[in-house]
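# Notes for the structure review
Chain by chain, the residues run as shown.
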Amino acid sequence: MEKMNTQIACIRLGRVHVITVTSPEVGQELLLRQDSIFCSRPVHMSTEISTYGYLTVALTPYGEQWKKMRRIVTSEVLSTQRLRWLQDKRMEEVDHLTRWVYNLCNNDVGGLVKVRTVAQHYCGNVIRKLMINKRYFGEGMVDGGPGPEEIEHVDSLFKILGYINAFSVSDYLPWLRRFDLDGHEKILRNALENIKKYNDPVIDERIHMWRVKKEKKEVQDILDVLILLTDDSTGSPLLSSSEIKAQILDLMLAAVDNPSHATEWAFAEMINEPKLLQRAVEELDEVVGKDRLVQESDLSNLNFIKACAREAFRLHPVSAFNVPHVSTADTNVAGYFIPKGSHVFISRTGLGRNPKMWKEPLKFKPERHLNPDGSQVVLSDPKLGLLSFSTGRRGCPGVVLGSTMTTMLLATLLHGFTWTMPPSMVSISLAEAEHDLTLSKPLVGLAKPRLAKNVYPTL
Ligand code: HEM
């Protein structure tokens, strides 16, 4: 597209018109002004398998099932009131993260910490705690790290994410599907079985407890909330067991990758640029002090930390493209005819690294996001200068939870520990992996506690 000097292109794959977009103006046309047309999703082998046959919100084509699940997720799972109700559970996982990293530091000496592992498992722990009230399926590790069960669970979530909407030739030539030529279907089914092995017994037992034994217990998590929803007119359960299982998986998938990916990249960039680390730590010391740990109530005052997260979303999005949209009617965009059923891929790197939008687009400069009047930095950008949470009716309903998870993760690691390069290194390589946008080598940092011993939670 760069060579052709265009910001919108069309490629024909089988019978499908695939439209790619790299400009905020065309993105806004699609997701804001013509949002009602571009509000569906493709039918792909990967999405069919991971949604239990399109029972969930994130990847289901537009229609009654999507509307039902979107309503439930927005009003019953991710509403402000519900997120307030779940705050203690999130804080338990922030404390647990601090404890785990503190133990990895060999107390005061300092230790090598795999930032990717810590960040991914923090996200896994938070979302499991909110959804099914569980950090560990087994015993966990003595130092606070994940046990083999959680490692398998989180690895399987990332495996599924890696294959959702990945190019698979049978999505465009459906008669090839039964041959599974690229092996994607087998990989996805194996990863899904791994997740079910852990999720299903918890969900089945809870459905039995509420619906069969009709026990009177306190509602403790999102799983309970979903089980107890009833149809207004009949009073019978609103969601089937498959819908609950599929939706819980959908939300687990939605929560694990973006916050951990952005944090790892922000750390890599900042360790290479110690002045940025220093500025972030100064902000934390001013807002939080050194006698306690960061709380969610501090986040509104941590504008530089949020600017670092936002810069990581701009420069290092988790995927090259937004989740694909599908047009539900013929239309015209930017002077081009787009037939009904076209698949639209908005390029996250095309927007975030666009030289027409950003000065020195390839440099990590968080200060570009600070508002001159000192007003709050937010991680979303509905005008699509960068694509973090997207916008429109398929836009992310998890903006508040996702922003909180990301900022708390960054702030907690920066406030509790001093980060430098491992002794043998002179700089962190910022090369991207060959097949995705992760750092080519998982980031390892040398962490040392920077607060008094009594401030850290103990095991
Ligand atoms: C930093 C964290 C997050 C980022 C950057 C992010 C970003 C996105 C993006 C780009 C989309 C696709 C929007 C589109 O199709 O145009 C999306 C969809 C979605 N996200 Fe998030 N997300 C985050 C966290 C979360 C969390 C924590 C949840 C809930 C647990 C969540 C739930 C969803 C759902 C349900 C959808 C699908 C909406 C639909 O298709 O109707 N997200 N997110």
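Here, every reference points to the structure presented above.
Now for a quick tour of the structure. (Residues numbered from 1 in each chain as written. Predicted model: local features only at pLDDT ≥ 70, side-chain atom pairs only at ≥ 80, totals over all residues. Heavy atoms only, no water.)

## Examining the overall build of the chain
Defined as follows: For the purposes of this entry, the term helix denotes a DSSP run of H or I that reaches at least four residues, the term strand denotes a run of E that reaches at least two, and both are numbered from the N terminus. Based on C-alpha atoms, the radius of gyration is set beside the globule rule, defined as 2.2 Å times the residue count to the power 0.38. The buried label goes to any residue with under 20% of its type's maximum accessible area, the exposed label to any with over 50%, and the partly exposed label to all in between, with areas taken from a 1.4 Å probe on protein chains only. Positive charges come from Lys and Arg alone, negative charges from Asp and Glu alone, with His and the N- and C-terminal ends not counted. A single reference atom marks each charge: NZ on Lys, CZ on Arg, CG on Asp, CD on Glu.
Tallying secondary structure elements over the chain gives 15 helices and nine strands in all. Taking 2.2 N^0.38 as the reference for a compact globule, 459 residues should give roughly 23 Å; the C-alpha atoms of the chain span a radius of gyration of 22 Å, in line with that estimate. With the C-alpha coordinates aligned to their principal axes, the bounding extent of the chain is approximately 65 × 60 × 45 Å. Taking all 459 residues of the chain together, the buried fraction comes to 56%. Side-chain charges in the chain split into 56 positive and 54 negative, and the spacing between the mean points of these groups amounts to 2 Å.

## So, the packing of aromatic side chains
Selection rule: Paired rings are identified among Phe, Tyr and Trp, the last through its six-membered ring, by centres lying within 6.5 Å, and are further divided according to the angle between planes into stacked (under 30 degrees), edge-to-face (over 60) and tilted (the rest). Whether a charge sits over a ring comes down to the Lys NZ or Arg CZ being within 6 Å of the ring centre and within 35 degrees of the ring normal.
Applying the stated criterion to the full structure yields nine aromatic pairs. Judged by centre distance (5.4 Å) and plane angle (40 degrees), the rings of Tyr-62 and Trp-66 are tilted. Three or more aromatic residues joined by ring pairs form one cluster here, namely Tyr-102, Phe-267, Phe-417, Trp-419 and Tyr-456. In this structure, Arg-135 packs its charged tip against the face of Tyr-136, placed 5.7 Å from the ring centre.

## Regarding the coordination of the iron atom of the ligand
Our working definition: Water is absent from the atoms considered, so a metal site may look incomplete; donors are defined as N, O and S atoms within 2.8 Å of the metal, or 3.2 Å for Na, K and Ca.
Exactly one donor from the protein chain reaches the iron atom of the ligand: Cys-396 (SG), at 2.3 Å. Looking at the element boundaries, Cys-396 is found in the loop between helix 14 (348–352) and helix 15 (399–416).

## Observations regarding the site of the ligand
As a reminder, the rule being used: Residues are classed as near a molecule or strand on a simple rule: at least one heavy atom within 4 Å of it. Counting of polar contacts relies on pairs of N or O atoms within 3.5 Å, with two restrictions inside protein: one atom must be capable of donating a hydrogen and the other of accepting it, and residues adjacent in sequence are counted only when both atoms are side-chain atoms. Under the grouping applied here, Gly and all other residues not named as nonpolar or charged are polar, the nonpolar ones being Ala, Val, Leu, Ile, Met, Phe, Trp, Tyr, Cys and Pro and the charged ones Asp, Glu, Lys and Arg.
Taken together, 29 residues surround the ligand, and among them Arg-41, Arg-70, His-325, Ser-390 and Cys-396 come closest. In this structure, an oxygen atom belonging to the ligand sits 2.9 Å away from a side-chain N or O atom of Asn-322. Between the ligand and the protein, one listed contact pairs an oxygen atom with a side-chain N or O atom of His-325 at 2.8 Å. Per-element tally for the shell around the ligand: the top contributor is helix 11 (residues 241–272), with five residues. For the shell around the ligand, the class distribution of residues is 16 nonpolar, nine polar and four charged.

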